[in-house]
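Residue-level structure breakdown
One letter stands for each residue in the lines below.
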Amino acid sequence: MARAAVAVLALAGAGVAAYLTYAHYRGVAPVCTAGGGCEVVQNSEYAKVAGVPVAVVGLAGYLALLATALVPAIEAAALAVAMAIGGLGFAVYLLYVQLAILDAVCIWCVASDVVMALLTLAAGARLWAATRAAPAGT
């Protein structure tokens, strides 16, 4: 059940990230109900990491998390937790940037943050269940 939740949430996050990636490379402003906040965030200096759009980094991360959900091994569950915690940490940093530095909020980014938070919980639940199901001494 938790593996399925990880997969569904990873797909949802990948959808958001794919849309933002599309908007970036097409040079269009994302559809936004936050008074242009999405465009401000998308065009800021914080929208890239080492020259790579944050949306592309997010898309890759969500697809990697989806891949872990396809593997039933406990190692895949542990990897998912590590990746999700890293992703959540990055999401918290980017939310701080939006609120404290840019004074603009991207609803797509906040949606991704919520998905990543839920994904972290689901990945943790999956790992917890996997460790409880593992035979003693493994």
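One can find the structure itself at the top, above this paragraph.
Description of the structure in this document.

Calculation notes
- Counting of residues starts from 1 at the beginning of each chain's written sequence and follows it residue by residue.
- Reporting of local features is limited, given that this is a predicted model, to residues whose pLDDT is at least 70; pairs of side-chain atoms are given and counted only at 80 or more, and all residues count toward the totals for whole chains, interfaces and linings.
- Note: side-chain values were computed over all heavy atoms of the structure, leaving out hydrogens and water.
- The disulfide definition used here is simple: a pair of cysteine sulfur atoms within 2.5 Å.
- The cut-offs for exposure are 20% and 50% of the maximum accessible area for each residue type, with area from a 1.4 Å probe on protein chains only; residues under the lower value are buried, those over the upper are exposed, and the others partly exposed.
- Here is the rule: rings of Phe, Tyr and Trp (six-membered ring for Trp) pair when centre to centre is within 6.5 Å. Planes less than 30 degrees apart are stacked, more than 60 are edge-to-face, and the remainder are tilted.
- Strands here are runs of E lasting at least two residues and helices are runs of H or I lasting at least four, both read from the DSSP assignment and numbered beginning at the N terminus.
- Angles run from 0 to 180 degrees between N-to-C directions of axes, and those axes are lines fitted to C-alpha atoms, restricted for helices to the stretch in contact.
- With respect to orientation, any angle under 35 degrees is reported as roughly parallel, any angle over 145 as roughly antiparallel, any angle of 65 to 115 as roughly perpendicular, and every other angle as oblique.
- For any helix crossing, the convention is left-handed if the near helix is rotated counterclockwise from the far helix by under a right angle, and right-handed if that rotation is clockwise.
- Contacts are residue-level and defined by heavy atoms, with any inter-residue pair within 4.5 Å sufficient.
- One fewer than the residue count of a helix, multiplied by 1.5 Å, yields its expected span.
- By construction, the arc corresponds to the directions joining the helix axis to the C-beta atoms.
- For our purposes a nonpolar core is just a set of buried Ala, Val, Leu, Ile, Met, Phe, Trp, Tyr and Cys residues, chained together by side-chain atoms within 4.5 Å.

Considering the state of the cysteines
- For the coordinates displayed, the defined rule picks out one disulfide.
- Paired through a disulfide, C32 and C38 show a sulfur-sulfur distance of 2.5 Å. Its S-S torsion of about 70° marks the bond between C32 and C38 as right-handed, since a negative value means left-handed.
- In this structure C32 comes out as partly exposed when scored by relative accessible area, which is 26%.
- Accessibility expressed as a relative area gives 0% for C38, which makes it buried.

Section: the packing of aromatic side chains
- Taken as a whole and judged by the stated rule, the model has two aromatic pairs.
- Ring geometry for Y19 versus W108: centroids 4.6 Å apart, planes at 40°, classification tilted. With Y19 in helix 1 (residues 2–26) and W108 in helix 5 (residues 107–133), this residue pair connects regions lying 89 residues apart in the sequence.
- Judged by relative accessible area, which is 23%, Y19 ranks as partly exposed.
- Centroid distance F90 to Y93: 6.2 Å. Interplanar angle 20°. Geometry classified as stacked. Taken together, the residues F90 and Y93, both in helix 4 (residues 74–102) and three residues apart, mark about one turn of the helix.

With respect to the packing of helix 1 against helix 3 (residues 54–69)
- The contact between helix 1 and helix 3 brings their axes to 8 Å, and the two run at 160°. Judged by the angle between their axes, helix 1 and helix 3 are roughly antiparallel. The handedness of the crossing between helix 1 and helix 3 comes out as left-handed. In contact with R3, V6, A7, A10, L11, G13, A14, A17, A18, L20, T21 and Y25 of helix 1, helix 3 contributes A55, V56, G58, L59, Y62, L63, L65, L66 and A69.

Observations regarding helix 3
- With 16 residues, helix 3 extends 23 Å from end C-alpha to end C-alpha; this agrees with the ideal 22 Å at 1.5 Å per step.
- Buried residues of helix 3: V54, A55, Y62, L65, L66, T68 and A69, and no others. The buried residues of helix 3 occupy one face: seen down the axis, they fall within an arc of 155°.
- Along its buried surface, helix 3 packs onto helix 1, strand 1 (48–49), strand 2 (52–53), helix 4 and helix 5.

Quick word on the nonpolar core
- If you look at the biggest cluster of nonpolar residues, it comprises 18 residues, and the most contacted ones within it are V6, Y62, L65, M116, L119 and A123.
- Counting residues per element, the ones that place at least two in this core are helix 1, helix 3, helix 4 and helix 5.
- At six residues, the largest contribution of residues to this core is made by helix 1.
- Ignoring anything within four residues of it in the chain, the contact list for L65 reads V6, A10, A80, M83, A84, M116 and L119.
- In this structure, C38, V41, A104 and C106 belong to the second largest nonpolar core, which totals eight residues.

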